[in-house]
Amino acid sequence: MSTVPIVTSLEDVYTQVEKQKPRYDTIASHFNSEYNLQPQYYARAPGRVNLIGEHIDYSGYGVLPMALEKDVIIASVLLPRMVNLCSNTLPKEYTTKVVSVTINNNPSSAFDNLNIDPKAHHWTNYVLCGVKGVLQHIKNLNDTSFKSSDLSGKTLDLYLLLDGDVPSGSGLSSSSAVVCASSLTTSHALGYSKEITKEQFGSLTAKSEQFVGVQSGGMDQAISFLGQRNQAMYIQFEPTLSASPVSLPEDVSFVVSHTMVSSLKSQTAAKNYNRRVVECRLACVLLHKALTQEPLLEGPRTLKWLQEKLNSTFEDMIAACEKHLSKEPYSMQQIAESIGLKDSDELQSRFFPSVDLHDKSNLKLQDRSIHVFSESYRVIQVEELCNKNKGDNKSEKIGQLMNESHYSGRDLYEASCPELEQLTTLCRSTKGCLGSRFTGAGWGGCAVSCVKKENLNEFLDTVWEQYYAKEHGGSKRENVLFASQPSAGAAIIE
Ligand code: NG1
Ligand code: MG
């Protein structure tokens, strides 16, 4: 296990350094005009594109993302008193909002005092999640004094300025990039960046991003820390977080294309994202009862935990969903009664205590769990095709699995939208495309397509012409339609 690199040269982080240098210069000059100081260091955390494995991380299953060159950078300086925060590239009304957090030399009280309002839906919440996650980690280390001699006994102050080029609400993990960069900045300021491994950072930020009120899995934060240049990664969560490189076939590129519709995940959580998380947990409850005759009374448990407990194949699990779960939606009351609980409140307090779904019926357990098992199996097949299989038509098979992933996410998970349908259909019918699917949570955001390298330029021109040119011609093409380069994971640049 390694720690996040602290580098002095942009070459160690970016492939296209000539593009990045001017950006850092601009950040430094904004920082200087905001605070009348030079930044002392930068924390950089990338966004990601997930190639396959959607909505399965929170059920414990492995996923296959790559880190992007697009990222969030937080410039910082250490000074007495407060955390001031402003943003370089977010819309103007955001830049005037200044958040203040006093972190004194007792991380434990700082942790308790840092409140994040999940109803606020403000980007600064993500920064606070990163700060809070690190303080919580340090608190758990049971270390009441800061190690850095410079800081011990003093009040710590961070002056931050944030700059990001991951489009927000795009399914490319802009929110997690902010959380990760913020956690890195905080830990570095407190003298802890070398005490926390990349895996620990991935886990602590996955937990702390939940303070915004979304029950997210851990994919985005894990890849942001564990990403490697030129490699996609196979990320696994159980028994503990791990990542191994995946060699993608050389004859294809993976193209990201934005629908131009934002996916407002935290605002729609009760209807969409959190509801899916709860549906998976409750499918686990009912399958456990049906397959072991025992009620599952403590939780939440993941579907992967159940599959391992039963030592069953994916085919067995899918057959069990078809046999034991109703295709018709369930109500919470119905599920509670079937495992001998009093009512839906008791069910909620055992399996999703901090989640409010408003509507207590209409839970589609069969469709959701079949998606989870079939999608998790597709991830394993893609990983094996990439790393083990030397046979023919590797890329075609991967493209086919990506299409199947999309159809399952659309039909069984109901996570697509008209614009994602229009865009993925267009991509699939364009020459050189072997498969196309939505990436990230869905309900807007981006698609990812597997495209033959020999057709790449033509593919980009056609999709630009047919999806973007008329309505979204004002956008910069490289921001909304691009072949993604797997980038390195998070780093501190001094
Ligand atoms: P995006 O699309 O970045 O919001 C979300 C979750 C992931 C994962 C995917 C679906 C967060 C921070 N991330 O990603 O954990 O569940 O959806 O596969 O909520
Ligand atoms: Mg996100």
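Residues numbered from 1 in each chain as written. Chains lettered and ligands numbered in written order. Predicted model: local features only at pLDDT ≥ 70, side-chain atom pairs only at ≥ 80, totals over all residues. Heavy atoms only, no water.

The name recorded for the protein in an unreviewed UniProt entry is N-acetylgalactosamine kinase, from Acrasis kona. You can read under Sequence similarities (unreviewed entry) in the UniProt record for the protein the words "Belongs to the GHMP kinase family. GalK subfamily." (UniProt positions renumbered as here; feature names shortened; annotations may be inferred.)

What follows is about the site of ligand 1. Taken together, 18 residues surround ligand 1, and among them E54, D57, K265, Y273 and A441 come closest. Measuring from an oxygen atom of ligand 1, one finds a side-chain N or O atom of E54 at 2.6 Å. S216 places a polar side-chain atom, nitrogen or oxygen, 3.3 Å from an oxygen atom of ligand 1. Looking at the shell around ligand 1, the element that brings in the most residues is helix α7 (residues 219-226), giving 3 residues. Taken together, the residues of the shell around ligand 1 sort by class into 4 nonpolar, 8 polar and 6 charged. (Near = heavy atom within 4 Å. Polar contact = N/O pair within 3.5 Å; in protein donor to acceptor, adjacent residues only side chain to side chain. Helix = DSSP H or I, 4+ residues; strand = E, 2+ residues; numbered from the N terminus. Nonpolar A, V, L, I, M, F, W, Y, C, P; charged D, E, K, R; others polar.)

Let us now look at the state of the cysteines. For the structure on display, the rule yields 0 disulfides. Cysteine C280 remains unbridged, with the sulfur of C284 as its closest cysteine sulfur at 9.4 Å. (Disulfide = S-S within 2.5 Å.)

Another point: the sheet that holds strand β9 (residues 433-438). Two orientations exist for strands paired in a sheet by backbone hydrogen bonds: parallel and antiparallel. Here we have 4 strands laid out as an open sheet, ordered β9-β10-β8-β11, and antiparallel in their pairing. The two strands at the open ends of the sheet, each matched to only one other strand, are β9 and β11 (481-483). For this sheet the average axis-to-axis angle between neighbouring strands, irrespective of direction, equals 20 degrees. Pairing analysis gives 5 bridges linking β9 to strand β10 (residues 446-452), with the strands arranged antiparallel. Within the sheet, the bridge partner assigned to C433 lies in β10 and is V451. (Pairing = 2+ DSSP bridges. Axes fitted to C-alpha atoms, helices over the stretch in contact; angles between N-to-C directions.)

This part takes up the UniProt feature "domain: Galactokinase N-terminal" (unreviewed entry) in the protein. The UniProt record annotates "domain: Galactokinase N-terminal" (unreviewed entry) at residues 30-75. Structurally, residues 30-75 is divided into 13% helix and 52% strand, and its ends, taken at the C-alpha atoms, are 10 Å apart.

The subject of this paragraph is the nonpolar core. Generally speaking, soluble globular proteins have nonpolar side chains that are buried together. Counting residues in hydrophobic clusters, the biggest one holds 120 residues, and the most contacted among them are L282, L347, F351, L365 and F373. It is helix α8 (residues 273-292) that contributes the most residues to this core, 10 residues altogether. Contact partners of L347, with chain neighbours within four places excluded, come to L282, M332, I335, A336, I339, L341 and F352. Judged by nonpolar contacts, the second largest core, of 18 residues, contains V7, I27, Y42 and Y159. (Core = buried A, V, L, I, M, F, W, Y, C linked by side-chain atoms within 4.5 Å. Buried < 20%, exposed > 50% of the residue type's maximum accessible area, 1.4 Å probe, protein only. Contact = heavy atoms within 4.5 Å.)

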